[in-house]
Amino acid sequence: MSANQLTLWYLAASVLFILALKGLSSPTTARRGNLFGMIGMGIAVLVTLAVVARGNVAGILLAMVIGGAVGAFVARRVEMTQMPELVAAMHSLVGMAAVLIAVAAVNNPGAFGVADPLPMGNKLELFIGTFVGAITFSGSVIAFGKLAGLGKTFRLFSSAPIVFPGQHWVNLAIGLVMIGFGVAFFLSPDENWTAFIMMTGLAFMLGVLIIIPIGGADMPVVISMLNSYSGWAAAGIGFSLNNSMLIVAGSLVGSSGAILSYIMCRAMNRSFISVILGGFGAAEGSAAGAAGEKTVKSGSAEDASFLMQNAESVVIVPGYGLAVARAQHAVKEMAQMLREKGINVRFAIHPVAGRMPGHMNVLLAEAEVPYEQVFEMEDINGEMGTTDVVLVLGANDVVNPLAYEKGSPIYGMPIIDVHKARTILVNKRSMAAGYAGLDNPLFYMDRTMMVFGDAKKVVEDIVKSLH
Amino acid sequence: MGGTVDPTVLNIVVFVLAVFVGYHVIWNVTPALHTPLMSVTNAISSVIIVGAILAAAPMETDFGTVLGLVAVGLAAVNVAGGFMVTQRMLDMFRKKQK
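Report on the accompanying structure. Because the structure is a prediction, the values reported are computed rather than measured. (Residues numbered from 1 in each chain as written. Chains lettered and ligands numbered in written order. Predicted model: local features only at pLDDT ≥ 70, side-chain atom pairs only at ≥ 80, totals over all residues. Heavy atoms only, no water.)

1. What about the overall build of chain B?
Step number 1: A count of helices and strands for chain B gives four helices and zero strands.
Step number 2: What you see for chain B is a C-alpha radius of gyration of 19 Å, clearly larger than the 13 Å of a compact globule of 98 residues, by over 25%.
Step number 3: For chain B, the C-alpha atoms occupy an extent of roughly 60 × 45 × 15 Å along the three principal directions.
Step number 4: The contacts in chain B between residues at least 6 apart in sequence include a share of 62% that link residues at least 24 apart.
Step number 5: Accessible surface for chain B amounts to roughly 4200 Å². Of this, 70% is attributable to carbon and sulfur atoms.
Step number 6: On chain B, the mean spot of the 5 positive side-chain charges and the mean spot of the 4 negative ones are 38 Å from each other. (Helix = DSSP H or I, 4+ residues; strand = E, 2+ residues; numbered from the N terminus. Rg over C-alpha atoms; globule rule 2.2 N^0.38 Å. Contact = heavy atoms within 4.5 Å. Areas by Shrake-Rupley, 256 points an atom, 1.4 Å probe, with all protein chains shown as cover. Lys, Arg positive; Asp, Glu negative; His and termini not counted. Charge placed at Lys NZ, Arg CZ, Asp CG, Glu CD.)

Structure representation (structure tokens):
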């Protein structure tokens, strides 16, 4: 196959990747889009295999079969509540693969059709691809640990922010030294392995250090950011191999992750920088401490069930607590029973509810809640004032009316206006403050009733008393 | 002005255009599908498997080809896992006919 033919096949694959993403504009076209993506990937792999037909194809196929089998197994088995961990793990693999390819390219540029010794331009691109890949890898490993709740086994995986004095200066220093080694690698006339290895090692370290100060509820931003990095790493490798398809695929993914990060930050009304610098929520208890004297009304699942049965409209606001308790199926059953009684039941989803973008939507879809009943925050907020009953399940900061009070730490954050509803039911495990470490005035309102307990248990009890 | 265009310049052209395309396509993705978006982008960025294949291809086994094979394996986990888990999620979003 000539280089021209190869490039045209790669172009076809690139177009198919764009169509795959375009399909996600609606649930009805998304499955076809995914098929386009698979075809694109199939083309990319097959034509590349054709190029190396005289090489070690058997070994490559074996590696693909082993890797593919692992991937298929995990994809079938993973629970929807574990999706954030899975995505983090997959980011780390992309990052690691990018690093390995870069090392192989430094070792033997000839295999990639790149001049040996490496020209300066390619070195610069390899440098970028490698350090972004390395940061993606180690950062995603930490994110994975935090999301999988491995904090007890290994302290670096703690979901609480890990902060120490001078942290940002340390990171900055490491970053600068890393770039210094990168420049040394770039300027050396031959393969400067020492500089390359030092740079890669520091990049791995930096990945760990930039993720540990970021707390659990900021994970939607972190995971989107790592998604973006994995794309840029792929694009960087594409630059060094002069492969336009890799550049296109990497850039698509890079911009996707960047846009998701932006959407997540906007939904928390925080700047990207403030999330990345981390430490948010570390000062727990300061604001929550003043809660002592205020009283809350609490009720049982039966009370909640009674209130909902007598409503005309019910809006359910799910949060991370729903995912932790794996309550999505119970919630679906409850919603269905209420609907059968002629009550208008809808779901309202805040963009940062859960641990990754779209987390709640997937959980509800898994439980077979029709997506027509699931609304985004801005589409349902206007109707909150005329809603009879709102049921908040394991969400806190995203329904905190302090967001409307000047001077509060979350001032300006868009929230679901549940406090405007006629009756508010809040399910929580305890009165503990949310991630932001803030007390929530919603809980003390006259129209609010707290229903304490595990989300799944409470919803199941509600279902029982609906019978 | 004259001569041929350096490949790096062409790469930059492709890169900038692809970022533009990405920007416009991604803003049209419905928020309900943001999780499948992440898993499918994961699968798509695993197209670096083509780089891994090139690294693994030379017949004489050395340090570089071994790394290449490992990279092929890692990327293959993502290719298969990414597309399949996306498909699984999207199947859940299918309209229920009842």
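2. Details of the packing of aromatic side chains
Note on aromatic pairs: each is described by the distance of the centres and the angle between the planes.
Step number 1: Taken as a whole and judged by the stated rule, the model has 10 aromatic pairs over all chains.
Step number 2: On the numbers, 5.3 Å between centres and 50° between planes, the contact of F127 of chain A with F131 of chain A is tilted. One end of the pair is F127 of chain A and the other is F131 of chain A, both in helix α5 (residues 120–147) and four residues apart, which spans about a single turn.
Step number 3: On the basis of relative accessibility, which here comes to 7%, the residue F127 of chain A falls in the buried class.
Step number 4: The exposure class of F131 of chain A is buried, given its relative accessible area of 19%.
Step number 5: On the numbers, 5.5 Å between centres and 65° between planes, the contact of F239 of chain A with F15 of chain B is edge-to-face. (Phe/Tyr/Trp six-rings, centres within 6.5 Å; stacked < 30°, edge-to-face > 60°. Buried < 20%, exposed > 50% of the residue type's maximum accessible area, 1.4 Å probe, protein only.)

3. Details of helix α1 (residues 3–23) of chain A
Step number 1: Its 21 residues place the ends of α1 of chain A 30 Å apart at the C-alpha level, agreeing with the 30 Å of an ideal helix rising 1.5 Å per residue.
Step number 2: Taken residue by residue, α1 of chain A has L6, Y10, A13, S14, L16, F17, A20, L21 and G23 of chain A as its buried positions.
Step number 3: Of the surrounding secondary structure, the elements contacted by the buried residues of α1 of chain A are α2 (27–51) and α9 (244–268) of chain A together with α1 (7–27), α2 (34–45) and α3 (49–56) of chain B. (Expected span 1.5 Å × (residues − 1).)

4. Topic: the interface of chain B and chain A
Step number 1: The interface of chain B with chain A comprises 77 residues on the first partner and 99 residues on the second.
Step number 2: Both faces combined, the contact of chain B with chain A buries some 7800 Å², and carbon together with sulfur accounts for 78% of it.
Step number 3: Where chain B meets chain A, there are one salt bridge.
Step number 4: The closest approach of N and O atoms between D91 of chain B and R31 of chain A, which form a salt bridge, is 2.8 Å.
Step number 5: At the junction of chain B with chain A, the criterion picks out 17 residue pairs in polar contact (both at pLDDT 80 or more).
Step number 6: Looking at the side of chain B that touches chain A, the elements with two or more residues in it are α1, α2, α3 and α4 (63–92) of chain B. (Buried area = accessible area lost by both parts, 1.4 Å probe. Salt bridge = Lys/Arg side-chain N within 4 Å of Asp/Glu carboxyl O. Polar contact = N/O pair within 3.5 Å; in protein donor to acceptor, adjacent residues only side chain to side chain.)

5. Side note on the pattern of salt bridges
Step number 1: All chains considered together, the criterion is met by eight salt bridges over all chains.
Step number 2: It is possible to trace a salt-bridge network through shared partners that takes in K457, D461 and K464 of chain A.

6. Notes on unusual backbone geometry
Residue and element names in this part refer to chain A.
Step number 1: Residue N269 is not a glycine yet carries a positive backbone phi of 50°.
Step number 2: For N269, a relative accessible area of 41% translates into the label partly exposed.
Step number 3: Here R326, not a glycine, exhibits a phi torsion of approximately 50°, which is positive.
Step number 4: Checked against the element boundaries, R326 lands in the loop between α12 (320–325) and α13 (328–340).

7. Quick word on α9 of chain A
Residue and element names in this part refer to chain A.
Step number 1: For α9, built from 25 residues, the straight-helix expectation of 36 Å at 1.5 Å per residue is met to within 8% by its first-to-last C-alpha distance of 36 Å.
Step number 2: Burial within α9 is extensive, with 21 of its 25 residues counted as buried.
Step number 3: By the N-cap criterion, in which a side-chain oxygen at the helix start approaches the backbone nitrogen of a residue two or three places on, α9 is capped by N243, the distance to M245 being 3.0 Å.
Step number 4: Where α9 ends, the next residue or the one after it, N269, has phi of about 50°, a positive value.

8. Details of a nonpolar patch on the surface
Residue and element names in this part refer to chain A.
Step number 1: Residues M120, W169, L172, L176, I179, V183 and L187 make up a contiguous nonpolar surface patch of roughly 740 Å² in combined accessible area.
Step number 2: Following the sequence through the fold, W169 ends up in helix α6 (residues 167–187).
Step number 3: Of the residues examined, W169 reaches a relative accessible area of 67% and is grouped as exposed. (Patch = residues over 30% accessible without salt bridge, like charges linked within 9 Å, V, L, I, M, F, W, Y side chains within 5 Å.)

9. Concerning the sheet that holds strand β3 (residues 374–376) of chain A
Residue and element names in this part refer to chain A.
Step number 1: Taking strand neighbours across the sheet as the criterion, the six strands line up as β3-β2-β1-β4-β5-β6 in an open arrangement whose pairing is parallel. Looking at which strands have only one partner, the edges of the open sheet turn out to be β3 and β6 (448–452). Sheet twist, expressed as the mean angle between neighbouring strand axes with direction ignored, is 25°.
Step number 2: Strand contacts of helix α11 (residues 301–309): β1 (313–318), β4 (389–393), β5 (423–428) and β6, with the helix running at about 135° to β6, the strand carrying the most contacts.
Step number 3: Sheet strands touched by helix α14 (residues 359–366): β1, β2 (344–349) and β3. Its angle to β2, the strand with the most contacts, is close to 145°. (Pairing = 2+ DSSP bridges. Axes fitted to C-alpha atoms, helices over the stretch in contact; angles between N-to-C directions.)

Keep in mind these values describe shape, not function.
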